[in-house]
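In case you want the letters, here they are:
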Amino acid sequence: MAAVTQTATPSTWSDEELAEVRGRLQEEIDELEADILRHESEIASGDVTQGAGDDQADAGAKTYEREREIALTLNARDLVAQNERAIARIDAGTYGVCESCHKPIGKERLQAFPRATLCVTCKQKEERR
Ligand SMILES: [Zn+2]
């Protein structure tokens with residue numbers, strides 16, 4: 001582990017740091033895609049609650065499970081898209097710049113949320129809308 005020097009310019013990224021963030025994002029994409037494939041095969045098989053009977057309560061549970069699987073899959077897909085966008089921004093050299101006000105997002109925030117595309121201020125503004 002290389003020594004990290006905390007300087008007064010927290011918004012500049014070294015190539016190593018960018019490569020590390022990129023690696024984290026890519027790793028997450030791989031995990032999410034594995035999840036998506038698993039969920040999709042469960043949804044496709046239609047047997048999320050295998051072995052359940054056919055009475056009303058079980059039918060309801062089946063629908064609920066199915067809907068939950070679909071929601072999880074959609075959520076995972078959304079995260080994959082966000083991660084891919086962050087990677088594209090790293091490759092384009094625009095990573096770490098707020099998409100709204102074009103100021104630096106801040107390294108600390110990005111290390112906590114590598115896929116953030118808005119600075120804290122803009123994010124709060126967006127949430128208030
Ligand atoms: Zn901003």
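Quick caveat, the model's predicted, so the values are computed rather than measured.

Draft legend 1. Inspection of a negative patch on the surface at higher detail. Together, E27, D30, E31, E33 and E84 line one region of the surface with negative charge. Counting through the fold element by element, E27 comes out in helix α1 (residues 15-45).

Draft legend 2. Spotlight on a positive patch on the surface. Taken together, the side chains of K103, K125, R128 and R129 make up a positively charged region of the molecular surface. When you line up the elements, K125 lands in helix α4 (residues 120-128).

Draft legend 3. Representation of the coordination of the zinc ion in the model. Only C98 (SG), C101 (SG), C119 (SG) and C122 (SG) from the protein coordinate the zinc ion, and they sit 2.2 to 2.3 Å from it. Considering all four donor atoms around the zinc ion, angles at the metal cover 105 to 116° and the coordination shape is tetrahedral. Expressed as a motif, the donor residue spacing for the zinc ion is C-x2-C-x17-C-x2-C. Of this pair, C98 sits in the loop between α2 (56-92) and α3 (107-112) while C122 sits in helix α4, placing them 24 residues apart in sequence.

Draft legend 4. Geometry of the packing of aromatic side chains. Applying the stated criterion across every chain, the model contains one aromatic pair. Ring geometry for W13 versus Y95: centroids 5.5 Å apart, planes at 70°, classification edge-to-face. Of this pair, W13 sits in the segment before α1 while Y95 sits in the loop between α2 and α3; the two residues are 82 residues apart in sequence, bridging distant segments of the chain. Each member of the pair, W13 together with Y95, is buried. A cation sits over an aromatic face here: K107 above W13, 5.4 Å from the ring centre.

Draft legend 5. Highlighting the pattern of salt bridges. In the structure shown here, the tally under the stated rule is 10 salt bridges. Note that D35 and R38 form a salt bridge whose closest N and O atoms lie 3.2 Å from each other. Placement of both D35 and R38 in helix α1 is noted, with a separation of three residues, approximately one turn of the helix. Accessibility expressed as a relative area gives 45% for R38, which makes it partly exposed. In this structure, the salt-bridge partner of K123 is E127, at a minimum N-O distance of 4.0 Å. Taken together, the positions of K123 and E127, both in helix α4 and four residues apart, correspond to about one turn of that helix. A relative accessible area of 29% places K123 in the partly exposed class. For E127, a relative accessible area of 56% puts it in the exposed group. Here the salt bridges share partners, and the residues they tie into one network are R85, R89 and E99.

Draft legend 6. View of unusual backbone geometry. In this structure, H102 takes a positive phi of about 60° despite not being glycine. Take H102: it is sitting in the loop between α2 and α3. With a relative accessible area of 59%, H102 lands in the exposed category.

Procedures and definitions
Residues numbered from 1 in each chain as written. Predicted model: local features only at pLDDT ≥ 70, side-chain atom pairs only at ≥ 80, totals over all residues. Heavy atoms only, no water. Patch = residues over 30% accessible without salt bridge, like charges linked within 9 Å, V, L, I, M, F, W, Y side chains within 5 Å. Areas by Shrake-Rupley, 256 points an atom, 1.4 Å probe, with all protein chains shown as cover. Salt bridge = Lys/Arg side-chain N within 4 Å of Asp/Glu carboxyl O. Lys, Arg positive; Asp, Glu negative; His and termini not counted. Charge placed at Lys NZ, Arg CZ, Asp CG, Glu CD. Helix = DSSP H or I, 4+ residues; strand = E, 2+ residues; numbered from the N terminus. Donors = N, O, S within 2.8 Å, 3.2 Å for Na, K, Ca; no water. Tetrahedral: all angles 85-135°; square planar, octahedral: opposite > 155°, others 65-115°. Phe/Tyr/Trp six-rings, centres within 6.5 Å; stacked < 30°, edge-to-face > 60°. Buried < 20%, exposed > 50% of the residue type's maximum accessible area, 1.4 Å probe, protein only. Lys NZ or Arg CZ within 6 Å of the ring centre and 35° of its normal.

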